[in-house]
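# Fold and contact review
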Amino acid sequence: IPAIITDTSMTFASLQRNVDAPEGEWLALAREMDRVHEPIRLNDVPGGPLLIHYGESPLARLIRLFPIVQLAVVGLFVLVGYLGFSYVRRSEQSSLWVGMAKEAAHQLGTPLSSMMGWIELLRLDGAADPSDVADELEQDTDRLRRVADRFEKIGSQPELERAHVLQVLELVADYIRRRVPQLGSPVEITVESPAGVDAMLNVELFEWVVENLLKNALDALEGPPNPHRIDLTVRRQQDRVLVEVRDTGKGMDRATARHVFRPGFSTKRRGWGLVLCLARRIVESYHGGELSLLETRPGEGTTFRIELAAPAG
């Protein structure tokens, strides 16, 4: 600690410690010290009374600057974290938009391809019954309408209505059964539900969720057992309706399971990582429910669970 001893009238300085200044500047330096710290008066000393003028040590000045340095370091970490979060968010949004575009093309492509096939049959005289072709074209047209309605409702808050869960699941399961490849290992899709289980749903969007889960399950089926199974089960648990989709596919390890709902993440080489992310958004944001990965093990299959609020009364 720098210190200077002077007489009470500050006409001369008799002693100093830790002062890096010529003797002629001691009195001026002592007056600067007094602006910060009141000098200490010594009365009972030889040649006294005397005044001790003192200042701050270099260590004390560094300690005073430490909170500023600490705040600067914390601010730097916050800035780096914010920039990293912004980058991840922009990356996820970009993946989401790309995935939505690909999903729209995929959803529209199936009925359009079917309609083009039926039109070619109509051009061949006697190749197909016109009434049967008209029925099929009507179904494909209805499918296009439903796809357009789905994407339209993604950007707004859809209306929910009371619906029979079993009826919705049967319709989706029947649609998927007709499109399961007939070659290779057979796939059995079952629906099990007690009667009278209702939930507040937007039917078209909820059908999309179940359809995506079933398609995801079909993609995971490979190897034994033979035949493969996809089981949809419904049960009521107090004020919640639980819908579980279980497959006997290849399953996932823990590292993969942690990222299944992240936009842009896919285990398929040509996948765009939107199916599960979109399904969770529909369940949570539009239905007030929850979509979770209930269980998965490599080689033992995967189970997803949808939780929905049961209607009152």
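On a predicted model such as this, the values are computed, not experimentally measured, just so you know.

On to the overall build of the protein. When you go through the protein residue by residue, the secondary structure sums to seven helices and 11 strands. Among the 313 residues that make up the protein, the fraction classed as buried is 35%. Sequence separation of 24 or more characterises 65% of the internal contacts of the protein that already satisfy a separation of 6 or more. In the form shown here, the protein has an accessible surface area of approximately 19,200 Å², with 56% of it arising from carbon and sulfur atoms.

It is worth spelling out the packing of helix α4 (residues 165–177) against helix α5 (residues 203–220) at this point. Viewed as axis vectors pointing N to C, α4 and α5 meet at an angle of 45 degrees, and their least axial separation amounts to 10 Å. By the angle between their directions, the pair α4 and α5 is classed as oblique. Judged by the sense of rotation from one axis to the other, the crossing of α4 with α5 is right-handed. Seen from α4, the contacting residues are V168, L169, L171, V172, A173, Y175 and I176; seen from α5, they are V203, F206, E207, V210, E211, L214, K215 and L218. Along the lines of polarity and charge, the residues of the contact of α4 with α5 split into 12 nonpolar, no polar and three charged.

Looking now at a negative patch on the surface. There is a patch of like negative charges on the surface, built from D129, D132, D135 and E138. Mapped onto the secondary structure, D129 falls in the loop between α2 (58–123) and α3 (130–154). According to the relative accessible area criterion, D129 is partly exposed, its value standing at 39%.

Here the focus is the pattern of salt bridges. Counting across every chain of the model gives 13 salt bridges. Note that R240 is salt-bridged to E307, the shortest N-O span being 3.9 Å. Of this pair, R240 sits in strand β9 (residues 240–247) while E307 is found in strand β11 (residues 301–309), placing the two residues 67 residues apart along the sequence. As a salt-bridge pair, R305 and E244 come within 2.7 Å of each other at their nearest N and O atoms. A residue pair is termed long-range when its members are at least 10 positions apart, and R305 in strand β11 and E244 in strand β9 qualify at 61 residues. Owing to a relative accessible area of 15%, E244 belongs among the buried residues under this scheme. Residues participating in the shared-partner salt-bridge network are D142, R145 and E204.

Looking now at the packing of aromatic side chains. Applying the stated rule across the entire model yields one aromatic pair. Ring geometry for F261 and F304: centres 6.1 Å apart, planes at 85 degrees, overall edge-to-face. Here F261, found in the loop between α6 (254–257) and α7 (275–287), pairs with F304, found in strand β11; they are 43 residues apart in sequence, far enough to count as distant. Per residue, the accessibility class of F261 equals that of F304, and both read buried. Just above the ring of F261 sits the side chain of R280; from NZ or CZ to the centre is 3.8 Å.

What counts as what
- Residues numbered from 1 in each chain as written.
- Predicted model: local features only at pLDDT ≥ 70, side-chain atom pairs only at ≥ 80, totals over all residues.
- Heavy atoms only, no water.
- Helix = DSSP H or I, 4+ residues; strand = E, 2+ residues; numbered from the N terminus.
- Buried < 20%, exposed > 50% of the residue type's maximum accessible area, 1.4 Å probe, protein only.
- Contact = heavy atoms within 4.5 Å.
- Areas by Shrake-Rupley, 256 points an atom, 1.4 Å probe, with all protein chains shown as cover.
- Axes fitted to C-alpha atoms, helices over the stretch in contact; angles between N-to-C directions.
- Parallel < 35°, antiparallel > 145°, perpendicular 65-115°, else oblique.
- Left-handed = near helix turned anticlockwise from the far one by under 90°.
- Nonpolar A, V, L, I, M, F, W, Y, C, P; charged D, E, K, R; others polar.
- Patch = residues over 30% accessible without salt bridge, like charges linked within 9 Å, V, L, I, M, F, W, Y side chains within 5 Å.
- Salt bridge = Lys/Arg side-chain N within 4 Å of Asp/Glu carboxyl O.
- Lys, Arg positive; Asp, Glu negative; His and termini not counted.
- Charge placed at Lys NZ, Arg CZ, Asp CG, Glu CD.
- Phe/Tyr/Trp six-rings, centres within 6.5 Å; stacked < 30°, edge-to-face > 60°.
- Lys NZ or Arg CZ within 6 Å of the ring centre and 35° of its normal.

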